[in-house]
Amino acid sequence: MSGAARAEHTAMMHDIRSVSFFRNFVFGVEDSLVSTVGLLSGIALAAVSRETIFLTGVVLIFVEAFSMSAGSFLSESSAEGYASGVDKPTRNNVTAAVIMFFSYFLAGFIPLFPYLVWPVGTALQASIFLSVLALFGLGLLSAALSRTSLLRSAVRMAIIGGMAIVIGAIAGIAVSQL
């Protein structure tokens, strides 16, 4: 392999790793915000105590952060194996999994935090507001890093994530009526 070909191959591999890391970060933050606020909203609307809501949220964040991290590791390893024909996890797979874990874990506390400081009704509203605001911010960050339309990306992220919040709220209302 010539020097130029080797440099091009190295640059391409760097781009692939960067895309993987970026994808895992965005997916981790988005999924954590949406899953956590959706679950917490549904439980809060089912008239459960604030302590139970908080405990449920903490358990969800820990379990899902690990689960998403494991899923990231396995899917990245499988994709690399598919692309290269070699079934051998790499340091990049581990890094992608770590990024997924911490992005999910940290973002999960955004919708959970209001339940620490406010009564359930106020916390529910604050949790939803902060989550949609964080989704909007994630859309802005994603667009800025990928050099795409800031507003389009931010609005799309907030709307699609907001739909999952609505589903959680509907489920909570439906179950509480039983």
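Residues numbered from 1 in each chain as written. Predicted model: local features only at pLDDT ≥ 70, side-chain atom pairs only at ≥ 80, totals over all residues. Heavy atoms only, no water.

Caption draft 1: Summary view of the packing of aromatic side chains. Within this structure, the stated rule accounts for 4 aromatic pairs. Taking the centre distance of 5.1 Å and the plane angle of 85° together, the rings of phenylalanine 101 and phenylalanine 102 count as edge-to-face. Since its relative accessible area comes to 45%, phenylalanine 102 is described here as partly exposed. Centre to centre, the rings of phenylalanine 105 and phenylalanine 109 are 5.2 Å apart; their planes meet at 70°, and the pair counts as edge-to-face. Taken together, the residues span about one helical turn, with phenylalanine 105 and phenylalanine 109 both in helix H3 (residues 91-112) at a distance of 4 residues. Accessibility expressed as a relative area gives 17% for phenylalanine 105, which makes it buried. The rings of Phe62, Phe101, Phe102, Phe105 and Phe109 are connected pair by pair, giving a single aromatic cluster. (Phe/Tyr/Trp six-rings, centres within 6.5 Å; stacked < 30°, edge-to-face > 60°. Buried < 20%, exposed > 50% of the residue type's maximum accessible area, 1.4 Å probe, protein only. Helix = DSSP H or I, 4+ residues; strand = E, 2+ residues; numbered from the N terminus.)

Caption draft 2: The arrangement of the nonpolar core in detail. Counting 15 residues, the largest nonpolar core has Leu40, Ala44, Ile53, Tyr115 and Val120 as its most contacted members. Elements supplying a minimum of two residues to this core: helix H1 (3-45), helix H2 (50-84), H3 and helix H5 (120-146). With near-sequence residues (within four places) excluded, isoleucine 53 lies in contact with Leu40, Ile43, Ala44, Val48, Leu112, Tyr115 and Val120. Membership of the second largest hydrophobic core comes to 9 residues, among which are Leu33, Ala107, Leu135 and Met157. (Core = buried A, V, L, I, M, F, W, Y, C linked by side-chain atoms within 4.5 Å. Contact = heavy atoms within 4.5 Å.)

Caption draft 3: Up close: unusual backbone geometry. In the Ramachandran plot, alanine 47 falls in the positive-phi region, its phi being about 65° despite a non-glycine side chain. Tracing the sequence through the fold places alanine 47 in the loop between H1 and H2. If you check the backbone angles, arginine 147 has positive phi at about 55° while not being a glycine. Residue arginine 147 is classed as exposed on the basis of its relative accessible area of 74%.

Caption draft 4: Focus on a nonpolar patch on the surface. A surface patch of nonpolar side chains, about 470 Å² in accessible area, is lined by Leu151, Val155, Ile159, Ile160 and Met163. For valine 155, the location among the structural elements is in helix H6 (residues 150-176). Note on valine 155: relative accessible area 34%, which makes it partly exposed. (Patch = residues over 30% accessible without salt bridge, like charges linked within 9 Å, V, L, I, M, F, W, Y side chains within 5 Å. Areas by Shrake-Rupley, 256 points an atom, 1.4 Å probe, with all protein chains shown as cover. Salt bridge = Lys/Arg side-chain N within 4 Å of Asp/Glu carboxyl O.)

Caption draft 5: Region of interest: the confidence of the model for the protein chain. Summarising the model, the protein chain shows a mean pLDDT of 88, and 91% of its residues fall at 70 or more. Averaged pLDDT values over the elements of the protein chain bottom out at 79 in H1 and peak at 97 in helix H4 (residues 114-117). Segment residues 9-13: pLDDT under 50, and 1 contact once partners within four positions in sequence are set aside and those in other chains are kept. (pLDDT = per-residue confidence, 0-100.)

Caption draft 6: Here's a closer look at the side chain of serine 103. Relative to the assigned elements, serine 103 resides in helix H3. For serine 103, a relative accessible area of 7% translates into the label buried. Apart from the residues lying within four places of it in its own chain, the contact partners of serine 103 are Asn24, Phe25, Gly28 and Val29.

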